[in-house]
Amino acid sequence: GRADAVSFERHAWMWGQSGLAEAFSNFPGITSYSYAWLMSLLYAITDRSLLMLQSTSVLVGVLCVYFTWKLTQHLWEERHARKAAWGMALFPMVIQYSAITMREAWVVLFFILGLIGVVRWARDGGLKPIAGGITAFTAATFFHGGMFVAVLAFLGLFWVLYTQRVRLSWIRERLRSEPEL
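In what follows, the accompanying structure is described. Treat the numbers as computed from the prediction; the structure is a model and nothing was measured. (Residues numbered from 1 in each chain as written. Predicted model: local features only at pLDDT ≥ 70, side-chain atom pairs only at ≥ 80, totals over all residues. Heavy atoms only, no water.)

## Re the packing of aromatic side chains
Aromatic ring pairs are described here by two measures, namely the spacing of the ring centres and the angle between the planes.
Alright, step 1. Enumeration over the complete set of coordinates arrives at 12 aromatic pairs.
Alright, step 2. With a centroid separation of 5.0 Å and 70 degrees between ring planes, the pair formed by Tyr 66 and Phe 67 is classed as edge-to-face.
Alright, step 3. Assessed through its relative accessible area of 21%, Phe 67 is described here as partly exposed.
Alright, step 4. Each member of the aromatic cluster is reached from another via a ring pair, and the members are Phe 24, Phe 27, Trp 37 and Phe 142. (Phe/Tyr/Trp six-rings, centres within 6.5 Å; stacked < 30°, edge-to-face > 60°. Buried < 20%, exposed > 50% of the residue type's maximum accessible area, 1.4 Å probe, protein only.)

Right, here's the structure in full:
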């Protein structure tokens, strides 16, 4: 917990104090230090401020509450969306992770955005929600490698439903084309 937060902040400062170009060159790839790298970009354009990093976490936590409300709105009615948003806002772990310099709030944010993409795709179809869902789940993967499972699950769901639709249309076409006896 606290040791991770300290380590992320130290790496952010180390990578950000030489300027934006140097901070960009330190991109660590898909590791837990992607969060530290993102924060180093803030340090590179401003200065070292733990309060700023905590403020970004608070902002991300607020966005998690808002997008929980939006996700629930897509699924149920407004009163359920309000309850879900309150639940998210008052959930102790969300409050904790939104108040310290940790990557978990970012993981949750991008996971919720990915779920919104899944729900929109299931409801409306189209490529835009698929692309949005995959992009959000992939962004979550940069903060926590285990989120790659969400990308695979979404692609698996898409593949199963897509092949089912193709098979059903093929069967309908075959039934239409058979001559009556």
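## Describing the pattern of salt bridges
Alright, step 1. The final tally for this structure, using the stated rule, is three salt bridges.
Alright, step 2. A salt bridge links Glu 9 to Arg 48; the shortest N-O distance between them is 2.8 Å. With Glu 9 in helix α1 (residues 2-16) and Arg 48 in the loop between α3 (34-45) and α4 (50-75), this residue pair connects regions lying 39 residues apart in the sequence.
Alright, step 3. Taking the relative accessible area as the measure of exposure, Glu 9 reaches 10% and is therefore buried.
Alright, step 4. Looking at Arg 48, the relative accessible area reads 40%, which means it is partly exposed. (Salt bridge = Lys/Arg side-chain N within 4 Å of Asp/Glu carboxyl O. Helix = DSSP H or I, 4+ residues; strand = E, 2+ residues; numbered from the N terminus.)

## Things to note about the environment of Val 149
Alright, step 1. For Val 149, the position within the fold is in helix α9 (residues 148-177).
Alright, step 2. Linking Val 149 and Val 107, residues 42 residues apart in sequence, is a C-alpha distance of 13 Å.

## Some remarks on the environment of Leu 127
Alright, step 1. Relative to the helices and strands, Leu 127 resides in helix α8 (residues 127-143).
Alright, step 2. By relative accessible area, which is 68% here, Leu 127 ends up exposed.
Alright, step 3. Distance from Leu 127 to Met 93, taken between C-alpha atoms, is 34 Å for residues 34 residues apart in sequence.

These figures capture arrangement, not role.
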